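Reading the structure
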Amino acid sequence: LGLARLDSLKHRITLIKESENLEVNAVPRKTEPDIIEKLEFDCGNINFDFRCALSRNITDFSKSPNLTPIHHLELSEDDVNSMTQGSSAIRSKNMTLRSQNGEVQFRFADDVDLLNLKIDSELQSTEDNDLSITMNVRKMLPILRLAAQDGNFRINILKNNIIYICIGNLDVMIMPEV
């Protein structure tokens, strides 16, 4: 089973997620019965098909991620509290982690205003120190608040701007969205 276009699938599933009579059928390919061609979703009043990708054609991912950070920085509970307040003040949907010459800022912007929050921690890098990663505030802040409960924590930035944070004994990876 190969799944691509996950955003499309996610939006379609939101239409039927509350349904009690949901049926999902995996339809195999006629020429290769061990490969799933499509998934059929049916909940009575709504039904749709979702074409699957050939798993052998999906090559843009690594089976085991390289967890070696290219950049990292330390954040404190005070930093996260300031971000929460900044997010409330600006009401931004996104926040941007920016670094120039090792100086770190989190930027919040709405249609009119801009708030830059400077963090005392320096960005440590194995490559160029300049960085800009935009993240969804509603997804990122709860993760940062959870990580800050145990005090200072480290944000690792992997290849392709993937953010990697250890929270207790749980490894959390946040993929860039914007």
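Every chain is numbered independently, its residues counted from 1 as its sequence is written. Per-residue local features are limited, in this predicted model, to residues with pLDDT of at least 70; the limit for side-chain atom pairs, both in listing and counting, is 80 or more; totals at the level of whole chains, interfaces and linings are taken over all residues. With hydrogens and water set aside, each side-chain value is computed from the structure's full complement of heavy atoms.

**A few points about the sheet that holds strand 2 (residues 36-42)**
What counts is decided by this rule: Paired strands are those between which DSSP finds at least two bridges. Secondary structure elements follow DSSP: runs of H or I no shorter than four residues count as helices, runs of E no shorter than two count as strands, and numbering proceeds from the N terminus. Angles run from 0 to 180 degrees between N-to-C directions of axes, and those axes are lines fitted to C-alpha atoms, restricted for helices to the stretch in contact.
An order of 1-2-3 is seen for the three strands of this open sheet, with the pairing classed as antiparallel. Of all strands in the sheet, those with a lone pairing partner are strand 1 (23-28) and strand 3 (47-51), marking the two edges. Strand-to-strand twist of the sheet, defined as the mean angle between neighbouring strand axes without regard to direction, takes the value 20°. Pairing geometry for strand 1 and strand 2, over six bridges, is antiparallel.

**Observations concerning the sheet that holds strand 12 (residues 170-174)**
Selection rule: Only heavy atoms enter the contact rule, under which two residues are in contact if any of them lie within 4.5 Å.
The strand order across the open sheet built from five strands is 8-4-10-11-12, with neighbouring strands paired in antiparallel fashion. For this open sheet the edge positions go to strand 8 (124-125) and strand 12, each flanked by a neighbour on one side alone. Strand direction decides the pairing type here: strand 4 (residues 71-75) and strand 10 (residues 153-157), joined by five bridges, are antiparallel. Looking across to strand 10, one finds that Glu-74 is bridged to Arg-154. Where helix 3 (residues 137-148) meets the sheet, its contacts fall on strand 4, strand 10, strand 11 (163-167) and strand 12, and the angle it forms with strand 11 comes to roughly 40°.

**Some remarks on the packing of helix 2 (residues 77-90) against helix 3**
Packed helix pairs are characterised by how far apart their axes lie and by the angle those axes make with each other. So the rule is basically this: Working rule for angles: under 35 degrees goes down as roughly parallel, over 145 as roughly antiparallel, 65 to 115 as roughly perpendicular, anything else as oblique. Handedness of a crossing follows from how the near helix is turned relative to the far one, being left-handed for an anticlockwise turn of less than a right angle and right-handed for a clockwise one. Note that Gly is not counted as nonpolar here; it falls among the polar residues with everything else outside the nonpolar set of Ala, Val, Leu, Ile, Met, Phe, Trp, Tyr, Cys and Pro and the charged set of Asp, Glu, Lys and Arg.
Where helix 2 meets helix 3, the axes come as close as 9 Å, and the angle between the chain directions of the two elements is 155°. Classified by the angle their axes make, helix 2 and helix 3 are roughly antiparallel. The chirality of how helix 2 crosses helix 3 is left-handed. Every residue of helix 3 that contacts helix 2 at Glu-77, Val-80, Met-83, Thr-84 and Ser-87 is listed here: Val-137, Leu-141, Leu-144, Arg-145 and Ala-148. Split by residue class, the contact of helix 2 with helix 3 holds six nonpolar, two polar and two charged.

**Observations concerning a nonpolar patch on the surface**
We count it as follows: Exposure above 30% relative accessible area and the lack of any salt bridge qualify a residue for a patch; like charges then connect within 9 Å, and the nonpolar side chains Val, Leu, Ile, Met, Phe, Trp and Tyr within 5 Å. For the area figures, the Shrake-Rupley method with a 1.4 Å probe applies, and any residue is considered shielded solely by the protein chains shown. By definition, a salt bridge exists where a carboxyl oxygen of Asp or Glu is found within 4 Å of a side-chain nitrogen of Lys or Arg. Only protein chains enter the accessibility calculation, which uses a 1.4 Å probe. A residue is then buried if its area is under 20% of the maximum for its type, exposed if over 50%, and partly exposed in between.
The grouping of Leu-67, Met-173 and Met-175 at the surface amounts to a nonpolar patch, some 240 Å² of accessible area in total. Residue position: Met-173 is located in strand 12. Classification of Met-173 as partly exposed rests on a relative accessible area of 30%.

**Thoughts on the nonpolar core**
Stated formally: By convention a nonpolar core is built from buried Ala, Val, Leu, Ile, Met, Phe, Trp, Tyr and Cys residues, the set being connected through side-chain atoms within 4.5 Å.
With 30 residues, the main nonpolar core has Met-83, Met-95, Phe-106, Leu-144 and Ile-165 as its most contacted residues. Among the elements that take part in this core, helix 3 stands out by supplying six residues, more than any other. Setting aside chain neighbours within four positions, we find Met-95 in contact with Met-83, Phe-106, Arg-107, Phe-108, Ile-133, Thr-134, Met-135, Val-137, Met-140, Leu-141 and Leu-144.

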